Each structure stands twice: as structure tokens, then as C-alpha cells.
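# Structure assessment
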Amino acid sequence: MRAVIPVLTVIAAIVALWYVAVVPMNIKETLTQLERGGAEVTPPSAQDRRDMGHIALVAKNSFAASATLSQDRPRLPAPHQVASELWDSTVDKKVTSKRNLVYHGWITLSATLLGFAIGTGLGILLAVGIVHSRVMDKSVMPWAIVSQTIPIIALAPMIVVVLYSVGLQGLFPKAVISAYLSFFPVVVGMVKGLRSPDQMQLDLLKTYNANTNQGFWKLRLPASMPYLFASLKIAVAAAMVGAIVGELPVQGGGLGNRMLTGSYYGQTIQIWSALFAAAILAATLVAAISLIQRGTLKRMGLS
Amino acid sequence: MAPDTSNPVIKAEALDLTFQTNDGPVHALKDVSLDIHKGDFVSFIGPSGCGKTTFLRCIAGLEHPTGGSLSVNGMTPEAARQARAYGYVFQAAGLYPWRTIARNISLPLEIMGYSKADQKQRVESVLDLVELSGFGSKFPWQLSGGMQQRASIARALSFDADILLMDEPFGALDEIVRDHLNEQLLALWARTEKTIGFVTHSIPEAVYLSTKIVVMSPRPGRIADVIESSLPRQRPLDIRDSKEFIDIAHRVREGLRAGHADDA
């Protein structure tokens, strides 16, 4: 419980900073609106205001500060606007509605989970191959590293188009992009984990005349568990980034799609609330893995 | 039981081992000849780099000699390893942290395909042998260093090989624990009648435990002296104050010094 106070302090500081930033960010549009509404603003000419700094404008028009916090299409929405939009679009709307973030979150989540499962499976298989075969060690690892240097934002549309041309669309292409990002940390972590037993441990098995299979199941695999879980946490977050990026070029809904349509129509509040929904979802996934990790390692006597 | 001197369990003749390293060849063992008979307790003592561990690893089939001949139970060390002819105890206990003590001890039994019932019964009996009964369900971190090392000895004993190879098993433990474990090891040796090869740095430990002390010297690793101990097989701890014990310790020290003399 002692951790609560520092966490709340940091959150309060971020929210406060955010509010402070909202005023100058939105001041120009706010002043223009207020002027149209008949208010006296300084300087009165839009031309002059354009050349002035944001902070100077705030200093001269302090009466407008409160109005900057409740713009319809602010450059930077205020925290309470994002919070109320989040509430509005998760609780108040029907779950099946296309304006409900739970609906979009579910679409993203299902692609994330499928991609994460594929990526993790692939990552573990590759790691097992790399650890047991010198040829795979030399050939697969460099390609795995190269694969991660290609910007996913460039690759995602190609994956979508290629898979569409073979008749695959909807969930699967997004899961592929998601798996593409998530297999890598699993490979790296598992290779390190499967190689973590020292020479003495390997010699010990040799004195029992154990075969490779027994060495894998009895020593390498259990020894790799702490490494696997560390990787899974990174992988699940990467999988979600992949799913969101995969949603940008397609019209099937999802948090990524929500962000993109928000930016088309200048709906900054919608973008930010989708962003927060994504962050909350990712944090929940990481927390879920932490929970499984704690339980598993505890049962194994490793923590 | 009188030691059987006709047919050695381990026989090394003119054994040679050269490692190829990046800094050129390292002559780890040179012209090592030694017979170890059934029921012997043989200690290998010498400074670091004298090849005592390497020789033990050769017997275990973990290193491969580059010259000479070596037989274990009348087979090559490789065949003996495959026949699970020995139990090996390393300097560190090396217990799996994710297994309980009982499951650590049953690890070799699982690998060798013993039945579940047989595993259980053997684990119980070796736990008793190293005086760890009742600790089977504990995890390694719940045990002291000395208890962990006893558990690792139990693991090496569980499949009842006739030979026990121990590479500085008590090297990392303090003197008091070490004395206690030495006493226990002798009792265990008397009960099981195993042939033991024991690598150590400590002169008192070597003299107290062994029926035969092999003094080795470095660069290249070779045997400087082989001392047949005249101490009785039954040895209380205070035998270390006897004249005989001190004489043997003196001879070991002389052998070690001689090995170093032509080094300098």
C-alpha cells in the first residue's frame, strides 16, 4: 500500500502539467471563437494574434483560460474531456455500437491475442531450433534481427494487401502483423534462457548419460522460465502495437481504426480516448502476464 | 572387507592429455599411471593446474585423454559413463532450484527410467544415508550450504553406482561443516563399500579420508607421489592428532613442495 502514494503523486503531477499545457495549446482557436461570439480579445486583430506567442496570448487574455479547457475540437484536449469521452464511449453507449470503445477494444484485443499466441509459439520453436542446431543459430538469428529493423508501418499495408490477395482478411492479417512484432523478444529471451544452464549442469546430465531430449525437458526448459516471462511481457505489448498498426489501413474497426478516423475528422478527443483505451488494455495484458508469472514461478520454487 | 588388489577398478597407464587452446597447447596430464582398487578411497591433492580435476573428469568420460590408456570397470571411460558406472559430485551442489530435494535426488533415476515406486524407495534410503530424512519436500534454498552438498551426494548415490567421483565437494564450505561432512563421508563409505575418487586442496582432509593419497604437481600435470595410508579404516576425528597422521601429512607436504621446486 505504501506504493500508492508515490504513484498517485506522479499521476497528479502529470495531470497538472497536462492542464497547464492545455491553455496555451488551445488559446488561439479559443480566442477566435470568443471573438466571433462578441468578446473583447487582445489584440483584436486575428492577423496580429497569429504572429504572437501562445504564452503571450494567454498572459493578455487570462479570462479565456477556462474556455480553453472545454473546446469541441481542441488541439490538446483537457484530461477531464478525455476521461468523460472514455466514460461516454465505454459505459453509456451500447457495446455493439460502432462508437463504443469496448467494441473496438475487443476487435484489437482478439487480433492481439491471436498474434501473441502465434508469435510466442513461433518464437519458442525458433529458439529451440537455434539452441539445438548450429546451422539455425548461424542462419535464423541474423534474419530475426533484420526483420525488426524494417519499420512495421511500411510493412503492415503490404502484409494486408498480400494476404487479401490470397483471400485472407479481417482478423488474420492483423494477427500476422502482431505476431511479426511479438516473436522477436520471445526468441531472444528463450535463446538466452535455454542456454542459461552452466557447463556444470550440462556435465551433470552427461554423467547420467541423459539424451538431448531429457536435457531439454528436465533442465533447459524449466531453467528458461524466468526469461520466457520477461520476454512475454514485452511481446504482449509489441503484439498490441502490431494489431493497432494493422488496423490503420483497413476499415474493420478496432482502436487503431478509431485513432485514424479521429485524425481524419479532427476529433482529437476521440484520438486521445482511443489512445488511453489502448494503454489501459496493454497495461492490463502485461499485468495479467505478471500474475501468471508470479503464480508459475512460485509453484516452481523460483521466486 | 579387505581391499581386492588383483583387479583394479580404475587403471590408468601413461595417460596423457593436451588441450588445444588459443594460447597454444596446454599439457594438462603427463604420463599418469595409477591403479585404483575396489573399496579404495583415493584422494588427489595438488595446487591448481596440477590436473587433479582433469584426471577425475577423464575417469568420468567428460574429458578425453590424448595418449595412454584408461579403463574403468574394465571398459573405456566412455562406455563406463554410458553404463552409468559412477556417481559424480561437483564442487557446487548444483541442485535444480525448481525441484524439491527429493525430486532433485530422483532426477538421475527419472533419466535412467526407474519405476516411480523404485524412485521413491531409493530417494528415501539415500536421504537417510546422508542424514537428510524429512527434508525431501524442501526446496534447495531452504537448506544450508552443507545440507545442499549432502543432497547432491545423495543424488550421486541414488542409482547405486559402485564408484563415487567427488571434485572438491566441500571446497566451498567452512571448516566446521567440513569436519562434520568428512566424518559422515567416512561412515557412508564404510556402509556402502564404494570406491571413491576425491579431489581436494586440503592436506588434513586428504590424509583423514584416504586409503591412498595421490600427490600431483603442475605444468605439466603429473603424479609426484602416491602414499598408501597406514591409518586404520575406522577413523575418529581425533586421529588427526596422532603421530601417524602427522607423519603422513608431512609426507604429502614434502611431495607438494618437491612438485613446486622444479617449477621455480
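Rules and cut-offs
Residues numbered from 1 in each chain as written. Chains lettered and ligands numbered in written order. Predicted model: local features only at pLDDT ≥ 70, side-chain atom pairs only at ≥ 80, totals over all residues. Heavy atoms only, no water. Helix = DSSP H or I, 4+ residues; strand = E, 2+ residues; numbered from the N terminus. Rg over C-alpha atoms; globule rule 2.2 N^0.38 Å. Buried < 20%, exposed > 50% of the residue type's maximum accessible area, 1.4 Å probe, protein only. Contact = heavy atoms within 4.5 Å. Areas by Shrake-Rupley, 256 points an atom, 1.4 Å probe, with all protein chains shown as cover. Lys, Arg positive; Asp, Glu negative; His and termini not counted. Charge placed at Lys NZ, Arg CZ, Asp CG, Glu CD. Buried area = accessible area lost by both parts, 1.4 Å probe. Salt bridge = Lys/Arg side-chain N within 4 Å of Asp/Glu carboxyl O. Polar contact = N/O pair within 3.5 Å; in protein donor to acceptor, adjacent residues only side chain to side chain. Nonpolar A, V, L, I, M, F, W, Y, C, P; charged D, E, K, R; others polar. 1 Å grid on protein atoms, 1.4 Å probe; cavity = no way out; pocket = protein on both sides within 12 Å on 5 of 7 lines; lining within 4 Å. Points joined across faces, edges and corners; volume = space filled by probe spheres on them. Pairing = 2+ DSSP bridges. Axes fitted to C-alpha atoms, helices over the stretch in contact; angles between N-to-C directions. Domains from an automatic or database assignment. Patch = residues over 30% accessible without salt bridge, like charges linked within 9 Å, V, L, I, M, F, W, Y side chains within 5 Å. pLDDT = per-residue confidence, 0-100.

## Some thoughts on the overall build of chain A
- The helix and strand tally for chain A stands at 13 helices and zero strands.
- N-terminal to C-terminal, the α/β element order of chain A is α-α-α-α-α-α-α-α-α-α-α-α-α.
- Relative to its length of 303 residues, chain A is extended, with a C-alpha radius of gyration of 26 Å against a globular reference of 19 Å.
- A principal-axis box enclosing the C-alpha atoms of chain A has dimensions of 90 × 55 × 40 Å.
- Taken over 303 residues, chain A has a buried fraction of 45%.
- At a minimum sequence separation of 6, the contacts of chain A that also span at least 24 residues come to 73%.
- Taken as a whole, chain A presents about 16000 Å² of accessible surface, with 68% of it coming from carbon and sulfur.
- Counting 25 positive and 13 negative side-chain charges, chain A places the averaged centre of each group 13 Å from the other.

## A closer look at the overall build of chain B
- The secondary structure content of chain B amounts to nine helices and nine strands.
- Taken over C-alpha atoms, the radius of gyration comes to 18 Å for chain B, in line with the 18 Å a tight globule of 264 residues would show.
- Along the longest, intermediate and shortest principal axes, the C-alpha atoms of chain B span 55 × 45 × 40 Å.
- Within the span of chain B, comprising 264 residues, buried residues form 55% of the whole.
- The contacts of chain B with a sequence gap of at least 6 include a subset with a gap of at least 24, amounting to 70%.
- Side chains of chain B give 28 positive and 33 negative charges; the mean places of these two sets differ by 5 Å.

## Considering the interface of chain B and chain A
- The interface of chain B with chain A comprises 26 residues on the first partner and 19 residues on the second.
- Summed over both partners, the interface of chain B with chain A buries about 2100 Å², with 61% contributed by carbon and sulfur atoms.
- Taken together, chain B and chain A are joined by two salt bridges.
- Inspection of the chain B/chain A interface yields nine residue pairs in polar contact (both at pLDDT 80 or more).
- Elements with a minimum of two residues in the side of chain B that touches chain A: helix 2 (77–82), strand 5 (86–89) and helix 4 (107–112) of chain B.
- Among the elements that make up the side of chain B that touches chain A, the one with the highest residue count is helix 4 of chain B (five residues).
- Counted by class, the side of chain B that touches chain A contains 17 nonpolar, three polar and six charged residues.

## Quick word on the layout of surface pockets
Residue and element names in this part refer to chain A.
- Here the largest pocket defines a volume of roughly 300 Å³.
- In terms of lining residues, the largest pocket is bounded by 15 residues, among which Leu 202, Ala 210, Asn 211, Thr 212 and Arg 220 are the most central.
- Listed by contribution, the elements that provide at least two residues to the lining of the largest pocket are helix 6 (101–132), helix 10 (199–207) and helix 11 (212–247).
- The residue makeup of the lining of the largest pocket, split by class, is five nonpolar, six polar and four charged.

## A few points about the sheet that holds strand 3 (residues 41–45) of chain B
Residues and elements named next belong to chain B.
- Across the sheet, which stays open at both edges, the six strands sit in the order 5-6-7-3-8-9 with mixed pairing between neighbours. Taken across any chain shown, the strands that pair with only one partner, and hence form the sheet edges, are strand 5 and strand 9 (222–228). Across the sheet, the mean angle separating the axes of adjacent strands is 15° when strand polarity is ignored.
- Two strands pair when backbone bridges link them, and strand 3 and strand 8 (residues 212–217) are joined in this way by four bridges, in the parallel orientation. Along strand 8, the bridge assignment pairs Val 42 with Lys 212.

## What about the domain arrangement of chain A?
- By the assigned domains, chain A splits into domain 1 (4–71) and domain 2 (101–300).
- Taking only C-alpha atoms, the centre of domain 1 of chain A and the centre of domain 2 of chain A are 42 Å apart.

## Comments concerning the environment of B:Leu165
Residue and element names in this part refer to chain B.
- For Leu 165, the position within the fold is in strand 6 (residues 163–167).
- The spatial distance from the C-alpha of Leu 165 to the C-alpha of Ser 230 is 23 Å, given a sequence separation of 65 residues.
- Look past the residues within four positions of Leu 165 in its chain and what remains in contact with it is Leu 56, Ile 59, Ala 60, Tyr 86, Gly 87, Tyr 88, Val 89 and Gly 197.

## Digging into a nonpolar patch on the surface
Residues and elements named next belong to chain A.
- A contiguous nonpolar surface patch, about 450 Å² in accessible area, is contributed by Leu 114, Ile 118, Val 166, Leu 168, Leu 171 and Phe 172.
- Looking at the nonpolar patch, the elements with two or more residues in it are helix 6 and helix 9 (171–194).
- Assignment of secondary structure puts Leu 168 in the loop between helix 8 (152–165) and helix 9.
- By relative accessible area, Leu 168 is classed as partly exposed at 34%.

## Some words on the confidence of the model for chain B
All names here are of chain B.
- Per-residue confidence for chain B averages 88 on the pLDDT scale, and 95% of its residues sit at or above 70.
- Confidence, read as mean pLDDT per element, is least for helix 9 (residues 243–261) in chain B (85) and greatest for helix 3 (residues 101–105) (95).
- With pTM at 0.84, the complex prediction returns an ipTM value of 0.88.

## Structural notes on unusual backbone geometry
- With omega at -15°, the peptide bond leading from A:Thr42 into A:Pro43 counts as cis.
- When you line up the elements, A:Pro43 lands in the loop between helix 1 (4–36) and helix 2 (46–51).
- Positive phi, close to 60°, is recorded for B:Glu131, a residue that is not glycine.
- Secondary-structure assignment places B:Glu131 in the loop between helix 5 (116–129) and helix 6 (145–157).
- Positive phi values are uncommon outside glycine, yet B:Glu168 reaches one of about 45°.
- Tracing the sequence through the fold places B:Glu168 in the loop between strand 6 and helix 7 (175–192).

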